[in-house]
Amino acid sequence: MPGVVILALVIMACAGAFTAPAALAKEVRLIPQWVPQAQFAGYYMGLKKGFYKKRGIDLTIISGGPLRQSSEYLASGQAEFATLWLASGIQMRDHAVPVVNIAQMVRRSALMLVAKKSSGIISPQDMNGKKIGLWEPVFQIQPSAFIEKYDLDVTTIRQSYSVNLFLRGGVDVASAMWYNEYHTILNAGLNPDELVTFFFYDHGLNFPEDGIYVLEDTLNQDPDLCKAFVAASIEGWDYAFAHPEETIDLVMANLEDEHIPATRVHQRWMLDRMKDLMYPLSGGGISAELKYDDFARVAYSLKDFGLIDSIPEYNAFYRKCYDENHQ
């Protein structure tokens, strides 16, 4: 009888009954900084298509948002990976949270100011004496630098994440993300030629936005994991941009699961703008490099506005975790 058992075990092994790639995969969690809208489609598509799994990563994505701050989840160890704006990452580092940027996915700022031409605002100087809607402090750095750069005398008003105040004339100028609120304004009935836009990127105030962050311990203990995570994320984004309808299907399903109202048109706009922001204007694929000039521009602005006490060391804050072939 023992011989029969041994034979059976050999047969099962040859048949692959004991292969367990899933068990060998490293379990990690990612939390983007907001809900599963198209702004984060590449990560969800990478998960769906198995790009993380084939690199030995068993990924769970935690939906971010106002009730689940990605910065808090990363700092507390509730997530191994998080997406953050560069300004937020630098602030965390200044506050003694040892975060490391391992990939700067969005290198061009989508933050902008929008005005109606009917308000008489055509140039920055036309904002003098006007009311400008601003979001919470981390979103106020670029507008504040813009106001200072052009020596503007304006009244700032705290803006919610709705554009209703702008649409109803409560402010003359609104804060907006190109991929989100700007399109909401268009959907409300205003045409692009009725609006004037001020992209901070065009005014020497480019603050790169979504990047991938880990804690120092995660990177030091398993740099190969971090490198694999970045490569899978880039593959996910490339796939998402190459298959937009399939991607929007996934985005809409994820939003529906979380009972978040959304439209395909708006999510498609968002995906297309993310493509514009993530692919270099000069052509080529995604480059996840955080350039020193971008880092310094944001860090020194944060310090000038009193939002950090000291500027983190660039080589400690950013660690390249990919090769040029994204392997």
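Report on the accompanying structure. Everything numeric here is computed off the predicted structure, so don't read it as measured data.

On to helix H3 (residues 41-48), then. Counted residue by residue, H3 has six buried out of eight residues, so it is predominantly covered. Of the residues making up H3, those classed as buried are Ala41, Gly42, Tyr43, Tyr44, Met45 and Gly46. Where H3 ends, the next residue or the one after it, Gly50, has phi of about 80°, a positive value.

For the rest of this paragraph, the subject is the pairing of strand E9 (residues 195-199). By the criterion of burial, E9 is predominantly enclosed, with four of the five residues buried. Here five bridges tie strand E5 (residues 111-116) to E9, and the two strands are oriented antiparallel to one another. Of the residues in E9, the one forming a bridge with Val114 is Thr197.

By the definition in use, this model includes 22 aromatic pairs. Between Tyr314 and Tyr318, the ring centres sit 5.9 Å apart and the planes meet at 35°, which makes this aromatic pair tilted. The class for Tyr314 is buried, based on a relative accessible area of 17%. In textbook terms, an aromatic cluster arises when at least three aromatic residues are bridged by ring pairs, as seen for Tyr213, Tyr292, Phe295, Tyr314, Phe317 and Tyr318. The ring of Tyr201 carries Arg108 above its face, with NZ or CZ at 5.3 Å from the centroid. Between the NZ or CZ atom of Arg273 and the centre of the ring of Trp269, over which it lies, the distance is 4.4 Å.

A few words on the sheet that holds strand E4 (residues 99-103). The sheet built from five strands is open, its strands ordered E2-E1-E3-E10-E4 with mixed pairing. Here the strands that pair on one side only, and so sit at the sheet edges, are strand E2 (57-61) and E4. Averaged over all neighbouring strand pairs, the angle between strand axes comes to 35°, with direction disregarded. By the bridge criterion, five bridges tie strand E1 (residues 26-31) to E2 in an arrangement that is parallel. Within the sheet, the bridge partner assigned to Arg29 lies in E2 and is Thr60. Helix-sheet contacts for H3 involve E1, E2, strand E3 (81-85) and strand E10 (210-215), and the interaxial angle to E2 is about 135°. Running over the sheet, helix H5 (residues 86-94) touches E3, E4 and E10 and is turned about 110° from E3.

Reading the values: the criteria
Residues numbered from 1 in each chain as written. Predicted model: local features only at pLDDT ≥ 70, side-chain atom pairs only at ≥ 80, totals over all residues. Heavy atoms only, no water. Buried < 20%, exposed > 50% of the residue type's maximum accessible area, 1.4 Å probe, protein only. Helix = DSSP H or I, 4+ residues; strand = E, 2+ residues; numbered from the N terminus. Pairing = 2+ DSSP bridges. Phe/Tyr/Trp six-rings, centres within 6.5 Å; stacked < 30°, edge-to-face > 60°. Lys NZ or Arg CZ within 6 Å of the ring centre and 35° of its normal. Axes fitted to C-alpha atoms, helices over the stretch in contact; angles between N-to-C directions. Contact = heavy atoms within 4.5 Å.

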